[in-house]
Amino acid sequence: MSEGFATEQTARERLVPPESIQGAEGLPDLTSRLQEYGVYGEYVEYRDGYMRWRQGLAKGAKGENTADDHEKRSAQFQHWYPTVKTFNFRRTIAFWGAVTCAEG
């Protein structure tokens with residue numbers, strides 16, 4: 001191996017000591033939080049696409065799971081629901097409209 005690689009490896013080890021690296025079993029399960037925030041479906045779709053890509057299939061996850069991507073989606077959401085009050089009002093109207101139609 002080249003000396004440059006050995007130096008790079010040493011730099012990595014200084015940044016993240018090997019004893020501090022843990023597997024996925026050390027991470028908390030965030031499924032309930034994703035469901036609470038209403039983005040669990042998006043997460044599952046992205047995860048499945050990513051796994052397809054890692055397995056070498058032609059179609060994988062579209063886009064990157066970055067803060068910029070989420071900000072773009074947030075801007076689209078804010079176009080229709082500029083405030084929490086607007087969102088709650090429209091959700092309430094939709095709920096009672098559905099209840100009224102169902103009850104007749």
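What you are looking at is a predicted structure, and each value in this text was computed from that prediction instead of being measured. (Residues numbered from 1 in each chain as written. Predicted model: local features only at pLDDT ≥ 70, side-chain atom pairs only at ≥ 80, totals over all residues. Heavy atoms only, no water.)

Visitor: In this structure, what is going on with the overall build of the protein chain? I would like to understand it.
Guide: Along its length, the protein chain carries five helices and zero strands. Mapped from its N terminus to its C terminus, the protein chain presents α and β elements in the order α-α-α-α-α. Of all 104 residues assigned to the protein chain, the portion counted as buried reaches 2%. (Helix = DSSP H or I, 4+ residues; strand = E, 2+ residues; numbered from the N terminus. Buried < 20%, exposed > 50% of the residue type's maximum accessible area, 1.4 Å probe, protein only.)

Visitor: Got a minute to help me understand helix α4 (residues 67-80) in this structure?
Guide: Turn by turn, an α-helix covers 3.6 residues, leaving residues three or four places apart pointing in a common direction. End to end, α4 covers 20 Å across 14 residues, agreeing with the expected 20 Å (1.5 Å per residue, within 8%). Little of α4 sits out of view: just zero of its 14 residues are buried. (Expected span 1.5 Å × (residues − 1).)

Visitor: What's the story with the packing of aromatic side chains in this structure? I'm lost.
Guide: Two aromatic rings, taken as a pair, are described by how far apart their centres are and by the angle between their planes. One pass over the structure, following the stated rule, counts three aromatic pairs. Seen from their ring centres, Y81 and F87 are 5.2 Å apart, and the 80° between their planes marks the pair as edge-to-face. Here F87 falls in the partly exposed class, since its relative accessible area comes to 29%. Residues F95 and W96 carry aromatic rings whose centres are separated by 5.0 Å and whose planes lie at 80° to one another, so their mutual orientation is edge-to-face. (Phe/Tyr/Trp six-rings, centres within 6.5 Å; stacked < 30°, edge-to-face > 60°.)

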